[in-house]
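This is what each chain is made of:
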Amino acid sequence: MEYILPLLLGLPSIIGALMANIYSYTITDLLKKNGFKASYISNSFEELGNFTHLINQTTDPIKKAEYKKIMFRLRISIATMTLGVIPLVLWMIFIY
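Since we're looking at a predicted model, the values are computed, not measured.

**Q** Explain the packing of helix α3 (residues 61-83) against helix α4 (residues 85-94) to me, and be specific about the residues and the numbers.
**A** Put simply, α3 and α4 touch, their axes get as near as 5 Å, and they point 5° apart. The orientation of α3 relative to α4 falls into the category roughly parallel. From α3, Met81, Thr82 and Leu83 reach across to α4, where they touch Val85, Ile86 and Pro87. Class assignment of the residues belonging to the contact of α3 with α4 gives a composition of 5 nonpolar, 1 polar and no charged.

Next comes the structure, spelled out in structure tokens:
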């Protein structure tokens, strides 16, 4: 029973990390399909810059909106992953 609370406190961070990975791989896939050099293992910051460049150079408004949604969702998942750790850390400091 005592292990359920830390799991529940860390759950948003775990979900955020999984979603960030999914969107990161989606971005890498889109970059490869559009002729950019991309790797599934490294250069993630460079790929974010390339993805922003892809968003800006896309003329199709539907694709541009889709790409912007992917970038927004990636940012939200990274924020969820990062901020989801705070309750767990506070629990570890003050209660555990």
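**Q** Account for the confidence of the model for the chain, with residues named and values stated.
**A** Chain-level statistics for the chain give a pLDDT mean of 90 and a share of 98% at 70 or above. Per-element confidence in the chain is highest for α3, whose mean pLDDT is 95, and lowest for α4, whose mean pLDDT is 86.

**Q** Outline a nonpolar patch on the surface, listing residues and values.
**A** Judged by side-chain polarity, Ile4, Leu7, Leu8, Leu11, Ile14, Ile15, Leu18, Met19 and Ile22 come together as a nonpolar surface patch covering roughly 810 Å² of accessible area. The topology assignment puts Ile22 in helix α1 (residues 4-33). You can call Ile22 partly exposed: its relative accessible area is 45%.

**Q** Which residues make up the side chain of Thr58, and what values do they have?
**A** Looking at the secondary structure, you find Thr58 in the loop between α2 (44-57) and α3. For Thr58, a relative accessible area of 13% translates into the label buried. Once residues lying within four places of it in the same chain are set aside, the contact partners of Thr58 are Lys63, Lys64 and Tyr67.

**Q** Any chance you could break down the layout of surface pockets for me, citing the residues and the numbers?
**A** If you add up the space inside the largest pocket, you get close to 290 Å³. As for the largest pocket, its lining consists of 16 residues, and the residues nearest its centre are Ala20, Asn21, Ser24, Ser44 and Leu74. Among the secondary structure elements, those contributing two or more residues to the lining of the largest pocket are α1, α2 and α3. Of the residues that constitute the lining of the largest pocket, the class distribution is 9 nonpolar, 6 polar and 1 charged.

**Q** I'd like to hear about the packing of aromatic side chains, residue by residue, with values.
**A** Counted by the stated rule, this structure contains 2 aromatic pairs. A centroid spacing of 5.7 Å and a plane angle of 55° characterise the contact between Phe51 and Tyr67, whose relative ring orientation is tilted. Of this pair, Phe51 sits in helix α2 while Tyr67 sits in helix α3, and the two are 16 residues apart along the sequence. Residue classification places Phe51 among the buried positions, given a relative accessible area of 0%.

Procedures and definitions
Residues numbered from 1 in each chain as written. Predicted model: local features only at pLDDT ≥ 70, side-chain atom pairs only at ≥ 80, totals over all residues. Heavy atoms only, no water. Axes fitted to C-alpha atoms, helices over the stretch in contact; angles between N-to-C directions. Helix = DSSP H or I, 4+ residues; strand = E, 2+ residues; numbered from the N terminus. Parallel < 35°, antiparallel > 145°, perpendicular 65-115°, else oblique. Contact = heavy atoms within 4.5 Å. Nonpolar A, V, L, I, M, F, W, Y, C, P; charged D, E, K, R; others polar. pLDDT = per-residue confidence, 0-100. Patch = residues over 30% accessible without salt bridge, like charges linked within 9 Å, V, L, I, M, F, W, Y side chains within 5 Å. Areas by Shrake-Rupley, 256 points an atom, 1.4 Å probe, with all protein chains shown as cover. Salt bridge = Lys/Arg side-chain N within 4 Å of Asp/Glu carboxyl O. Buried < 20%, exposed > 50% of the residue type's maximum accessible area, 1.4 Å probe, protein only. 1 Å grid on protein atoms, 1.4 Å probe; cavity = no way out; pocket = protein on both sides within 12 Å on 5 of 7 lines; lining within 4 Å. Points joined across faces, edges and corners; volume = space filled by probe spheres on them. Phe/Tyr/Trp six-rings, centres within 6.5 Å; stacked < 30°, edge-to-face > 60°.

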